[in-house]
Amino acid sequence: MTEKTISQKKLLGVAGVGWMFDAMDVGMLSFVIAALAADWSLTPGQMGMIGSINSIGMAVGAFLFGVMSDRIGRKNIFIITLLMFSLAGGLSAFSTTLTVFLILRFFVGMGLGGELPVASTLVSESVPAQDRGRVIVLLESFWAFGWLLSALISYFVIPSYGWQIALIISAIPAIYALYLRLQLPDSPAFSPNKMKKRTAWQNIKEVWSKEYARSTLVLWVLWFTVVFSYYGMFLWLPSVMVMKGFSMIQSFEYVLIMTLAQLPGYYSAAWLIERMGRKFVLVTYLLGTAASALAFGNAEATWLLLLSGILLSFFNLGAWGALYAYSPEQYPAVIRGTGSGMAAAVGRVGGILGPLLVGSLVSAEYSISFIFTLFCISIVIGVVAVAFFGRETRQLELT
């Protein structure tokens, strides 16, 4: 086994565990909100504010740290963002008021939002072209493990020891981030002397220059439609199951089964992405997501609801993996962090609007079928953008 192979595996492991901690924090938040509602007598509006402030922080972080990664390096931002969300998450365990908790959750969101596009950029630039897509999709698969870890911690820790202990456990990545400083090399594509000659504003403008405007528009549409539909659908899955007549326990069981389907979704996308290309995987898996969303929204029989929910998880998370592989490949190294971060920030705006739209439509007594049809249409818009206007980047050598 060569040193290069070992290096790739180590890089995937290091970045993947950081990715897993991100998912663990996001997944744990829904359980923490439920516990806080009981402890602090929160209204539904206040509960919604916690989720929204987290998403706003993610949008700000994706933009800010994406731009900064082109100035001070991918490795430095990867460590800063890990430290930020870990320490802010740990400190939030000691909050005694909603205001303090919201402020800290904003910083948690900033760290989370910044870490994801920067980590995928770092890995993209460190892996040979023939392996890059597969490795990035495998990196994204750590997200599913983080969700499962959050469910286990929430199930075993929160009822017996309280939400505070669960949040302190989530601060463990802070120690891991310090270890990274010694272990992780920066991206070989990052050149401090070359990058520092450029201003952040120059980089932002170049993302929308004639050469890259088409790629940027495709990415922004893709990110918005994917994140809008993902958060709109998946944050509401347990509630939708209850609305369709299932008990809370049944709905959690079914959602857990659906979540497990994310793993084969990732692994199949990882297998296909270097054989069939980025566009093929994005178009196929997003169309699968759209069809599954339509079936789920209209399902009445239990077997159809479960099957369509499993397929929704399978296709949607496979598409996520391809999206993270595709995004950094649109730009040269000098603006790669900026371009990827800006696209992710636009996506996070969709993540804020999706759940809010579902809440308002449910309140207005629109049917679940109508709501999931809207998400189906949203995803098809993303498919059209990448199918007709996106460029294929398989085997592209990054510069």
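Residues numbered from 1 in each chain as written. Predicted model: local features only at pLDDT ≥ 70, side-chain atom pairs only at ≥ 80, totals over all residues. Heavy atoms only, no water.

In the nomenclature of an unreviewed UniProt entry, the protein is known as MFS transporter of Niallia oryzisoli.

Would you explain the overall build of the protein in this entry?
When helices and strands are tallied, the protein shows 18 helices and zero strands. The C-alpha atoms of the protein give a radius of gyration of 20 Å, which matches the 21 Å a tight globule of 399 residues would have. Taken over the C-alpha atoms alone, the protein extends approximately 60 × 45 × 45 Å along its principal axes. When each of the 399 residues of the protein is scored for burial, the buried share is 57%. Across the protein, contacts joining residues at least 24 apart in sequence account for 85% of those joining residues at least 6 apart. Accessible area for the protein stands at about 16000 Å²; split by element, carbon and sulfur atoms hold 71% of it. (Helix = DSSP H or I, 4+ residues; strand = E, 2+ residues; numbered from the N terminus. Rg over C-alpha atoms; globule rule 2.2 N^0.38 Å. Buried < 20%, exposed > 50% of the residue type's maximum accessible area, 1.4 Å probe, protein only. Contact = heavy atoms within 4.5 Å. Areas by Shrake-Rupley, 256 points an atom, 1.4 Å probe, with all protein chains shown as cover.)

Help me understand the packing of helix α10 (residues 200–207) against helix α17 (residues 333–363), please; the structure alone is not making it clear to me.
The description of two packed helices rests on the angle between their axes and on the distance between the axes. At their nearest, the axes of α10 and α17 sit 9 Å apart, and the two run at 70° to each other. The angle between the axes of α10 and α17 places the two elements in the roughly perpendicular class. In this structure, the crossing between α10 and α17 has a hand that is right-handed. In this structure, α10 uses N203, I204, E206 and V207 to contact α17, whose residues at the interface are V334, I335, T338, G339 and M342. Split by residue class, the contact of α10 with α17 holds five nonpolar, three polar and one charged. (Axes fitted to C-alpha atoms, helices over the stretch in contact; angles between N-to-C directions. Parallel < 35°, antiparallel > 145°, perpendicular 65-115°, else oblique. Left-handed = near helix turned anticlockwise from the far one by under 90°. Nonpolar A, V, L, I, M, F, W, Y, C, P; charged D, E, K, R; others polar.)

What is the right way to read the packing of aromatic side chains from this model?
Each pair of aromatic rings is reported with the distance of its centres and the angle of its planes. All chains considered together, the criterion is met by 21 aromatic pairs. Ring centres 6.2 Å apart and planes at 90° place the aromatic pair F101 and W163 in the edge-to-face group. With F101 in helix α4 (residues 98–126) and W163 in helix α7 (residues 163–169), this pair connects stretches of sequence that are 62 residues apart. Between the aromatic rings of Y230 and W320, the centroid separation amounts to 5.4 Å while the plane-to-plane angle is 80°, which identifies the pairing as edge-to-face. (Phe/Tyr/Trp six-rings, centres within 6.5 Å; stacked < 30°, edge-to-face > 60°.)

It is not clear to me how a nonpolar patch on the surface should be interpreted in this structure. Could you clarify?
Side chains of L91, F94, Y161, I165 and I168 sit close together on the surface and give an oily, nonpolar patch of about 550 Å² of accessible area. For I165, the location among the structural elements is in helix α7. (Patch = residues over 30% accessible without salt bridge, like charges linked within 9 Å, V, L, I, M, F, W, Y side chains within 5 Å. Salt bridge = Lys/Arg side-chain N within 4 Å of Asp/Glu carboxyl O.)

Looking at this structure, I do not really get the side chain of R132. What am I missing?
Along the polypeptide, R132 turns up in helix α5 (residues 129–156). Ignoring anything within four residues of it in the chain, the contact list for R132 reads S124, V127, E274, R278, E329, T393, L396 and L398.

Sorry if this is basic, but what is going on with the packing of helix α3 (residues 74–91) against α4 here?
Relative orientation of the contacting elements α3 and α4 amounts to 155°, with a least axis distance of 8 Å. Relative to α4, the element α3 is oriented roughly antiparallel. In this structure, α3 meets α4 at a crossing whose hand is left-handed. The class makeup of the residues in the contact of α3 with α4 is 15 nonpolar, five polar and three charged.

Teacher, can you tell me more about the environment of N316 here?
Mapped onto the fold, N316 is located in helix α16 (residues 302–326). Those residues in contact with N316 that lie beyond four places of it in its chain are Y230, M233, F234 and T289.

How do you make sense of empty space enclosed by the protein when you look at a structure like this?
Once rolled over the atoms, a probe with the size of a water molecule shows which space is left empty. Counting across every chain of the model gives two cavities of 30 Å³ or more. Within this model, the largest cavity holds a volume of roughly 90 Å³. W19, L116, E140, W143, Y230, Y231, L317, W320, Y324 and R348 together form the lining of the largest cavity. Of all the elements, α16 adds the most residues to the lining of the largest cavity, at three residues. Of the residues contributing to the lining of the largest cavity, the split by class is eight nonpolar, no polar and two charged. (1 Å grid on protein atoms, 1.4 Å probe; cavity = no way out; pocket = protein on both sides within 12 Å on 5 of 7 lines; lining within 4 Å. Points joined across faces, edges and corners; volume = space filled by probe spheres on them.)

What exactly am I supposed to notice about α4 here?
Relative to the 42 Å expected for 29 residues at 1.5 Å per residue, α4 spans 42 Å between its end C-alpha atoms, a close match to the ideal helical length. Along α4, 23 of the 29 residues are buried, which leaves the element largely enclosed by surrounding structure. (Expected span 1.5 Å × (residues − 1).)

Looking at this structure, I do not really get the pattern of salt bridges. What am I missing?
Side chains bearing opposite charge may pair, as long as their charged atoms lie close to each other. Inspection of every chain in the model, using the stated rule, returns eight salt bridges. Of the charged contacts in the structure, one is a salt bridge between R74 and E125, with a shortest N-O distance of 2.7 Å. With R74 in helix α3 and E125 in helix α4, this residue pair connects regions lying 51 residues apart in the sequence. The buried category is assigned to E125, whose relative accessible area is 8%. As a salt-bridge pair, D131 and R134 come within 3.5 Å of each other at their nearest N and O atoms. A residue pair is termed a helical-turn pair when its members lie 3 or 4 positions apart in one helix, as D131 and R134 do in helix α5 at three residues. When salt bridges with common partners are traced through the structure, they connect D70, R74, E125 and R336 into a single cluster.

I'm lost on the confidence of the model for the protein in this one. Help?
One rule of thumb: low pLDDT means the predicted coordinates there are not for detailed reading. When pLDDT is averaged along the protein, the result is 85, and 95% of the positions lie at 70 or above. The low-confidence segment residues 1–6 (pLDDT under 50) makes three contacts with residues lying over four places distant or belonging to another chain. (pLDDT = per-residue confidence, 0-100.)

Looking at this structure, I do not really get unusual backbone geometry. What am I missing?
Most peptide bonds are trans, and most residues other than glycine sit at a negative phi. The backbone of S41 sits at a positive phi, close to 55°, despite the residue not being glycine. Its identity is not glycine, yet E365 carries a phi of approximately 65°, on the positive side.

Teacher, can you tell me more about the nonpolar core here?
A general tendency of soluble globular proteins is for nonpolar side chains to be buried together. In this structure, I50, F78, L222 and W223 are the most contacted members of the largest nonpolar core, which totals 117 residues. Ranked by residues supplied to this core, first place goes to helix α1 (residues 3–40) with 16 residues. F78 has contacts with V14, A15, E115, V118, A119, L122, L180 and L184, leaving out every residue within four places of it along the chain. (Core = buried A, V, L, I, M, F, W, Y, C linked by side-chain atoms within 4.5 Å.)

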